[in-house]
2 protein chains.
Amino acid sequence: MAQLETISEQKCFGGVQGFYRHRSAACGVDMRFAVYQPPSALEGARVPVVTFLSGLTCTEENFVVKAGAQRVASELGLMLVCPDVSPRGEEVADDEAYDLGQGAGFYLDATQAPWSPHYRMYSYVTEDLAAAVSQNFPADTARQGIFGHSMGGHGALTLHLKHPDVYRSVSAFAPIVAPMCCPWGEKALTAYLGPDREPWRDYDTTELIKSRPSQATLLIDQGAADTFLEGQLKPELLVEACEAAGQHVDLRMQPGYDHSYYFIQSFVEDHLRHHASVLAATS
Amino acid sequence: MAQLETISEQKCFGGVQGFYRHRSAACGVDMRFAVYQPPSALEGARVPVVTFLSGLTCTEENFVVKAGAQRVASELGLMLVCPDVSPRGEEVADDEAYDLGQGAGFYLDATQAPWSPHYRMYSYVTEDLAAAVSQNFPADTARQGIFGHSMGGHGALTLHLKHPDVYRSVSAFAPIVAPMCCPWGEKALTAYLGPDREPWRDYDTTELIKSRPSQATLLIDQGAADTFLEGQLKPELLVEACEAAGQHVDLRMQPGYDHSYYFIQSFVEDHLRHHASVLAATS
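Summarised in this report is the structure supplied together with it.

Quick notes on the rules
Residues numbered from 1 in each chain as written. Chains lettered and ligands numbered in written order. Predicted model: local features only at pLDDT ≥ 70, side-chain atom pairs only at ≥ 80, totals over all residues. Heavy atoms only, no water. 1 Å grid on protein atoms, 1.4 Å probe; cavity = no way out; pocket = protein on both sides within 12 Å on 5 of 7 lines; lining within 4 Å. Points joined across faces, edges and corners; volume = space filled by probe spheres on them. Helix = DSSP H or I, 4+ residues; strand = E, 2+ residues; numbered from the N terminus. Nonpolar A, V, L, I, M, F, W, Y, C, P; charged D, E, K, R; others polar. Expected span 1.5 Å × (residues − 1). Bend = angle between axes of the 7 residues up to and from the residue. Buried < 20%, exposed > 50% of the residue type's maximum accessible area, 1.4 Å probe, protein only. Polar contact = N/O pair within 3.5 Å; in protein donor to acceptor, adjacent residues only side chain to side chain. Pairing = 2+ DSSP bridges. Axes fitted to C-alpha atoms, helices over the stretch in contact; angles between N-to-C directions. Contact = heavy atoms within 4.5 Å. Core = buried A, V, L, I, M, F, W, Y, C linked by side-chain atoms within 4.5 Å. Least-squares fit on C-alpha atoms with pLDDT ≥ 70 in both. Phe/Tyr/Trp six-rings, centres within 6.5 Å; stacked < 30°, edge-to-face > 60°. Salt bridge = Lys/Arg side-chain N within 4 Å of Asp/Glu carboxyl O.

## What about empty space enclosed by the protein?
- Throughout the structure, instances matching the rule amount to three cavities of 30 Å³ or more.
- Approximately 70 Å³ is the volume found for the largest cavity.
- Along the wall of the largest cavity there are 14 residues; nearest its centre are Lys66(A), Gly68(A), Val65(B), Lys66(B) and Gly68(B).
- Those elements that place two or more of their residues in the lining of the largest cavity are helix H2 (62-66) of chain A together with helix H2 (62-66) of chain B.
- Looking at the lining of the largest cavity, its residues break down into six nonpolar, six polar and two charged.
- Elements with a minimum of two residues in the lining of the second largest cavity: strand S3 (30-37), H2 and strand S5 (79-83) of chain A.
- Here the lining of the second largest cavity gets three residues from one element, more than from any other, and that element is S3(A).

Structure (structure tokens):
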């Protein structure tokens, strides 16, 4: 069991917002993550866990500081887990662009140099982070959900579709739904997985839905004034794929909202209530 | 009428979170401030205004990003106004310390060199900011409240006591209540007002309450685990002054909470409901 270092713990809405550091076997470096424990967890209960995956340029802090999620998690008795979005450090490959390298892990396991030694965020989230949470916090691991924003929405949707019995509830804010068909995704998948597009399918939500739809309803909020909507996000491709495969999806276009945390905080309560409802019904 | 420059406007909880810049006659430099307009303001209503004054090292952004206040303001139909905490710029005097100079205006009008040309945050908030808000936004200026954190709690309490007919409701998170009796205050008042302590009384809440208590109830939340509690904040001095003067005060000591925005966000809803309740009863 890897040792967990507590960076900080602060009381918030009757629970505790903490930041932690641990060694990741998958990434080969120390990783940071945040956990919010609701009051019920401090009183001895094992509580459902909802993991939030952030977007490009973020760290484990953005959602914690800006989303206003702790209030709702406190009320609903949900544990919130927020990992960093990539490995970091001097020994970790990087790129000057904001959409590749550190800050842009895309929740996949890279196979190409120079990325493959450390860029293994798929294994990190599903293995190392999962172990750290289950071993150090009062998590009811039979009741887990996952959600995320933009690149993290891509991560949440793909992780749910690959592990529907682990991440039983799923939602996303302005997700990248078809990385094989947008500039952000094509750039990252080429770099991390190589030019052969066949292995890309394993990390593309619209492709995964064709081969393995889940029983869950995908709750998606998308700002209609999001400047990335047409060029990068393309939620219509998700809806098409869901209709073809019989996957339930609830895409809510939100007039006037952009890609920011002002958008996320406006609808985070709906998402957490969605997760709590699904997880409460999970036996 | 000074021209208002819009820096950004983003939809949030059905309203608009904006950041603006304008020339301040009092400070002699451009100043930035934030305004949240609730949905009712966008639909044509004149709405009550609650101004939040931030603490040391903050800007107009901290409360906007971290407090989670827009959700409640949206529901209650309150406009939120957040100024910066000091004048800034190359021509503005500064100090290396975090608790003097830029980022530490203490909501007073300085009389001493090198501070007096620009450090006039008392006049800025009560005159320039007030004018910018009333002239550019649908503010019901007969119904205004004020609150703040730490140095900004000091600002809110003193501005209310000096202008009880303008700032009719008041509250504070972990306020400096007796700057004449704490290191932060003694340092700032000496620098900005000079060594003669007599003019200091005009900016000390416990002193103002002796001479001019208000009819309002001062709602104060204070974290019991706040590391600044004993050395700087000393809420017991406020309670003593209130008891002696017949000033209503509701001091709530919150076990386990520190001085951070995790504390503020946990209780901001209570504060906004307090302001809305007082302002709704204001004719």
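Having put the structure on the table, let's press on.
## Topic: helix H10 (residues 261-280) of chain B
All names here are of chain B.
- Its 20 residues place the ends of H10 27 Å apart at the C-alpha level, agreeing with the 28 Å of an ideal helix rising 1.5 Å per residue.
- Remark: the principal bend of H10, roughly 45 degrees, maps to phenylalanine 267.
- Across the 20 residues of H10, 14 count as buried, placing the element largely inside the fold.
- Two to three positions downstream of the cap, the backbone nitrogen of tyrosine 262 sits 3.1 Å from a side-chain oxygen, assigning the N-cap of H10 to serine 260.

## As for the sheet that holds strand S8 (residues 217-223) of chain A
- Read across the open sheet, the nine strands follow the order S1-S2-S3-S5-S4-S6-S7-S8-S9 (chain A); overall the sheet is mixed. Edge strands, defined here as strands with exactly one partner in the open sheet, are strand S1 (4-12) and strand S9 (248-254) of chain A. Averaged over all neighbouring strand pairs, the angle between strand axes comes to 20 degrees, with direction disregarded.
- When strand S4 (residues 47-53) of chain A meets strand S6 (residues 139-149) of chain A, the two strands line up parallel, connected through six bridges. The residue of S6(A) that forms the bridge with Thr51(A) is Ile146(A).
- Its contacts with the sheet place helix H4 (residues 121-136) of chain A against S1, strand S2 (15-23), S3, S4, S5, S6 and strand S7 (167-173) of chain A, and it is angled at close to 50 degrees to S3(A).
- Set on the sheet, H10(B) makes contact with S1 and S2 of chain A; between it and S1(A) the angle comes to about 35 degrees.

## Focus on the nonpolar core
- Within the largest apolar cluster, 192 residues are counted, with the highest numbers of intra-cluster contacts made by Phe63(A), Phe106(A), Tyr192(A), Phe63(B), Phe106(B) and Tyr192(B).
- Among residues more than four places away in sequence, those in contact with Phe63(A) are Phe52(A), Ser54(A), Ala69(A), Leu80(A), Cys82(A), Phe147(A), Tyr261(A), Ile264(A) and Val268(A).

## Observations regarding unusual backbone geometry
- In the segment running from Ala113(A) into Pro114(A), the intervening peptide bond is cis, with an omega of 0 degrees.
- Here Pro114(A) is to be found in the loop between S5 and H4.
- Located in the positive-phi region is Thr57(A), a residue other than glycine, with phi close to 75 degrees.
- Here Thr57(A) shows up in the loop between S4 and H2.
- Even without glycine at this site, Lys234(B) takes up a positive phi of about 50 degrees.
- Positionally, Lys234(B) belongs in the loop between helix H8 (229-233) and helix H9 (235-245).

## Describing the sheet that holds strand S7 (residues 167-173) of chain B
- Judged by pairing direction, the sheet is mixed, and its nine strands sit side by side in the order S1-S2-S3-S5-S4-S6-S7-S8-S9 (chain B) without closing on themselves. At either margin of the open sheet sits one strand with a lone partner, and together these are strand S1 (4-12) and strand S9 (248-254) of chain B. Strand-to-strand twist of the sheet, defined as the mean angle between neighbouring strand axes without regard to direction, takes the value 20 degrees.
- Here three bridges tie S7(B) to strand S8 (residues 217-223) of chain B, and the two strands are oriented parallel to one another. Of the residues in S8(B), the one forming a bridge with Phe173(B) is Asp221(B).
- Each of S1 and strand S2 (15-24) of chain B is contacted by helix H10 (residues 261-280) of chain A, which is oriented at about 35 degrees to S1(B), the strand it contacts most.
- Contacts between helix H5 (residues 151-162) of chain B and the sheet are confined to strand S4 (47-53), strand S6 (139-149), S7 and S8 of chain B, with S6(B) contributing the most and set at about 140 degrees to the helix.

## Focus: the relation of the copies chain A and chain B
- The transformation that overlays chain A on chain B combines an axial shift of 0.0 Å with a rotation of 180 degrees, and the residual RMSD is 0.0 Å. On this basis, the relationship between the two copies can be described by a two-fold rotation axis.

## Quick look at the packing of aromatic side chains
- For the coordinates displayed, the defined rule picks out 30 aromatic pairs over all chains.
- On the basis of an interplanar angle of 20 degrees and a centroid distance of 5.5 Å, the ring pair of Tyr119(A) and Tyr192(A) is categorised as stacked. Taken as a pair, Tyr119(A) in the loop between S5 and H4 and Tyr192(A) in helix H6 (residues 183-193) lie far apart in primary sequence, 73 residues in all.
- On the basis of relative accessible area, Tyr192(A) is assigned to the buried category, the value being 0%.
- Considering the side-chain rings of Phe173(B) and Phe263(B), the 6.0 Å spacing of their centres and the 90 degrees angle between planes classify their relative orientation as edge-to-face.

## Describing the interface of chain A and chain B
- Each partner contributes to the interface: chain A provides 22 residues, whereas chain B provides 22 residues.
- At the boundary of chain A with chain B, the tally comes to zero salt bridges.
- Where chain A packs against chain B, one counts 11 residue pairs in polar contact (both at pLDDT 80 or more).
- Breaking the side of chain A that touches chain B down by element, the ones donating at least two residues are S1, S2, H2, helix H3 (70-76) and H10 of chain A.
- Here the element with the most residues in the side of chain A that touches chain B is H10(A); it accounts for five residues.
- Here the side of chain A that touches chain B is built from residues that sort into nine nonpolar, eight polar and five charged.

## Considerations on the side chain of Asp140(B)
Residues and elements named next belong to chain B.
- If you trace the backbone, aspartate 140 turns up in strand S6.
- Classification of aspartate 140 as buried rests on a relative accessible area of 17%.
- Residue contacts for aspartate 140: discarding those within four places in its chain leaves Arg46, Val47, Pro48 and Val49.

Geometry only, nothing functional implied.
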